[in-house]
Amino acid sequence: MAMEGDGTGWQGAESNIQKQLSALAAAWRIEDHGIGLYTAMSERVRDKEGKMILKSLAQDEAQHRAWLEKEIDRIFPGRRARDIEPEPAYGITPSKVFTLPEEMTPEDEIAGLEAAIEVEKRSVRLYEDVAAAAEDQELKGLMLRLARWERSHQRILEDNLHYLRRGGSWYGYTPILDG
């Protein structure tokens, strides 16, 4: 039975499945963007602790992207995240979030952290929304786990932003352990 005028852009009985696929593709793109952003920032930040934090965050995002790829393949065998165009409401346009300069000033580092925090917040909301709507318990569990990870990334970035705004330096980092 088609659902007319529900405002989601999806019609019919496959609506929930299409929404899940779209949300997973959007999440994959956000994680993919995070890898690039954190890697590029780690190459431009001068502070040793800052480099270490950003490299570790990039590695975390790569792991998240891999988990999402496996989940997409489990639920939608043969589908590749990079080939799926997510519904715009589920994601962001990562390239418009922050333009990374070749050499970062302290002000650029602050702007980069502010942009990264917003991406982490959006990721948490997306993962929590998908988890709330998911009937599949594996999908729900993965989304809740990813939301926790992204919240911890957000806190790390917020703490460092606080120190940098006060004229300090990056404070250091202990890698996040899952579990």
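Scroll up to find the structure.
Conventions used here
- Residues numbered from 1 in each chain as written.
- Predicted model: local features only at pLDDT ≥ 70, side-chain atom pairs only at ≥ 80, totals over all residues.
- Heavy atoms only, no water.
- Salt bridge = Lys/Arg side-chain N within 4 Å of Asp/Glu carboxyl O.
- Helix = DSSP H or I, 4+ residues; strand = E, 2+ residues; numbered from the N terminus.
- Buried < 20%, exposed > 50% of the residue type's maximum accessible area, 1.4 Å probe, protein only.
- 1 Å grid on protein atoms, 1.4 Å probe; cavity = no way out; pocket = protein on both sides within 12 Å on 5 of 7 lines; lining within 4 Å.
- Points joined across faces, edges and corners; volume = space filled by probe spheres on them.
- Nonpolar A, V, L, I, M, F, W, Y, C, P; charged D, E, K, R; others polar.

Undergrad: Explain the pattern of salt bridges to me, using residue names and the numbers behind them.
TA: Taken as a whole and assessed by the stated rule, the structure comprises 10 salt bridges. The shortest N-O distance in the salt bridge between Arg74 and Asp136 comes to 2.8 Å. Of this pair, Arg74 sits in helix H2 (residues 48-75) while Asp136 sits in the loop between helix H3 (106-133) and helix H4 (137-165), placing them 62 residues apart in sequence. Taking the shortest distance from any N to any O, the salt bridge between Asp83 and Arg80 comes out at 3.1 Å. Given a relative accessible area of 46%, Arg80 falls into the partly exposed group. Through salt bridges with shared partners, a single ionic network connects Glu71, Arg74, Asp136 and Glu138.

Undergrad: Requested: an account of the layout of surface pockets, with residues and values cited.
TA: Estimates place the volume of the largest pocket at around 230 Å³. Looking at the lining of the largest pocket, the elements with two or more residues in it are helix H1 (15-44) and H3. Top contributing element to the lining of the largest pocket by residue count: H1, with 5 residues. Partitioning the lining of the largest pocket into residue classes produces 6 nonpolar, 2 polar and 4 charged.

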